[in-house]
Every structure is written in structure tokens, then in C-alpha cells.
Amino acid sequence: MNGSSGSIFDPVSPHTQAISDLFVITLWICAAIFAVVAGIVGYSLVHYRWNEGAADPVQIAGSKRLEIIWTAIPCVIVLVLFGLTVHAMEQSDPEPPVGEPDLEVIGHQWWWEVRSPKLGFVAANEIYIPVGRPMSIRLDTADVLHEFWVPQLTRKMTTVPGRGNHVWMQADQPGIYQGVCSEFCGTQHAWMRFEVIAVSEEEFDAWVEQQRQTAAVPTGDAARGAQLFRDLTCINCHAIQGVASHPTAGPDLTHVASRRFLGSGIVPNTPENLRRWMTDPQEVKPGALMPNFKLNDEQLAHLLAYLATLR
Ligand SMILES: [Cu+2]
């Protein structure tokens, strides 16, 4: 898929286009100021250089006219920049809608909970959106300050404990866009990533439909894994829809097998990496808030069989 450079210079929504435009205009204005100032300095260096026997140039210290001119020009420039900035702020951060947002994204140390009471699903670290439709997102945090940022799609927005924030997210081209936490929040701040996957309306509906499914009832080894999932207290931290829907200390695992990455982007979701994660989460993501269960081979096999059914 295209459009996934992750660069702020490659905006894919009206919101980030406004920010990028502001940057470019500001850069050109500053470049012009630099050229004028450097030009005058250069001219003065050459024209007024020391010349044995020449008379001193005319002294203009205290000239009222000059003082007014070089006070007025910067004031006008600052006013223009102010106007452009206010405009960009309005474009990049329009009023939130009245009523329910489309999505709620909640920052956790160090992963993202994604839910939609409106559409009736819970997910983690992966957000599907329909191409071209502005999605309204309420932002919250379960612990400390985080900052939600998809450089190509959204402005930055902090998640503040006890105070919901809002951001609009839109992608005008299909693609997979990188999202990050952009406010230091502890050990694994750098691995608090997520992906926004912009797809057609039909594909979006299909994704929502899949996320709404509760987990299938497991059989065989997977059923033994499901039992371990309760006995070993996994269920105290991880929700599995149809089994327990409330815990939010760790990511919802109802559809974990269908996700592209584990540990908020730290490793691709392959059977090998899932085994590593279950053998010792700290080896994969040091500091992650999941304990090492020191599983024996049989427990590991049963849990992996169960997790594989969670599609
Ligand atoms: Cu962070």
C-alpha cells in the first residue's frame, strides 16, 4: 500500500496538509528574512570595510524613521505568521462533534487500547479507518500522559488523566500509516507504536464485523489453554470477548492472532515471536507490564494453541 512514508512532509489528510503548509510558508518567510539580513550584513562588510585614509561613513544612530521602519516590519511579519497559525490550528483541529465519537483511544504504558462503544468493538494497537471519512476520536489515558500522533494523518494530541481530549483522523488515500506516542511516558515509550490502516468502506465494515465477534469456543489443546488462561490469571489483565470483557490492564486478546504486530509494534506477530513473548515478555520488551510466567513446555504449547484460535 502507498502513502506510508510516516513523514510530516507527506500529509494525507486536510488536517496534516494545513500543518505542512504552515511549515512550508513559515520556512519561506524565514528564508526571505535570512536572505535580506545576510544580504545587508554582506553588503556592509564589503562596502564599509576598513579603508586607509577614507572618511567615516555618515552616522545614523537615533534615526526615528529607521527605528519605526525596523520595528514595524517585524510586527507585520509576526502578525502574518500569527494569522497563518490560527488558520492552520482551525484546519487541523476542528470542533469535536456533539455526541458519541467514532472511536475511543486510551493510552496505556505501553500500548493503545482502541474501542468504539458506537460500533461495539474493542481492539488494540491497530486502528482501521475508512478512506476519506473524518473519524472523531476521543483520547484518554489509563495512567500517565501520553501523546497520540499519526504524522501523516493527525495533529499531536496529549492524553491527560481525567480529562478527555479529541482529535480528528482522516486518510485520503488507502495505506498503512505509522502512529506513535510522542510524549515520554516511561521505559518503553519508544515502543508504544500503532498502525492506522485506511481501507475502503466495505473493508472497514468487514473489519468492524470481525472485531465484534466474540471468541470461538476452543477445543482440544486450545481448550486446555483456555483453562490455563483463567488459572494463571491471564484473565485478570486481558479481556477476551465472550469470556471476560472488563480487564484492561493488558490488550484485549479476542482477535490477537489477526494483528500484524505484538507488543505495540516491537515484533511482527509470528508464531515464533508469540512463543518468545509467552516464554519471557521481558526478553522481547524489557519493562513491559506483563510478568514472566515461567511456563513449562506443556503450558506453553496449550496457551499458544489457544492464542492461535483468537482470530
Ligand atoms: Cu509515550
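Residues numbered from 1 in each chain as written. Predicted model: local features only at pLDDT ≥ 70, side-chain atom pairs only at ≥ 80, totals over all residues.

1. A short note on the domain arrangement of the protein chain
Considered domain by domain, the protein chain is made up of domain 1 (14-92) and domain 2 (220-309). Distance between the C-alpha centres of domain 1 and domain 2: 59 Å. (Domains from an automatic or database assignment.)

2. A few points about the pairing of strand β5 (residues 135-141)
Burial of β5 is extensive: five of the seven residues sit out of reach of the surface. Note: strand β1 (residues 103-108) against β5, five bridges, orientation parallel. Of the residues in β5, the one forming a bridge with Ile106 is Asp140. Across five bridges, the pairing between β5 and strand β8 (residues 165-169) is antiparallel. Paired with Leu139 across the strands is Asn165, a residue of β8. (Buried ≥ 20, exposed ≤ 12 C-beta atoms within 10 Å, placed from the backbone. Helix = DSSP H or I, 4+ residues; strand = E, 2+ residues; numbered from the N terminus. Pairing = 2+ DSSP bridges.)

3. Concerning unusual backbone geometry
The residue after Gln109, namely Trp110, is reached through a cis peptide bond having omega 0°. Turning to its location among the elements, Trp110 is positioned in the loop between β1 and β2 (111-116). Phi is positive for Asn125, close to 60°, though the residue is something other than glycine. Turning to its location among the elements, Asn125 is positioned in the loop between β3 (121-124) and β4 (126-130). The class for Asn125 is buried, based on 22 C-beta atoms found within 10 Å. For Thr233, which is not a glycine, the phi torsion comes out positive at approximately 70°.

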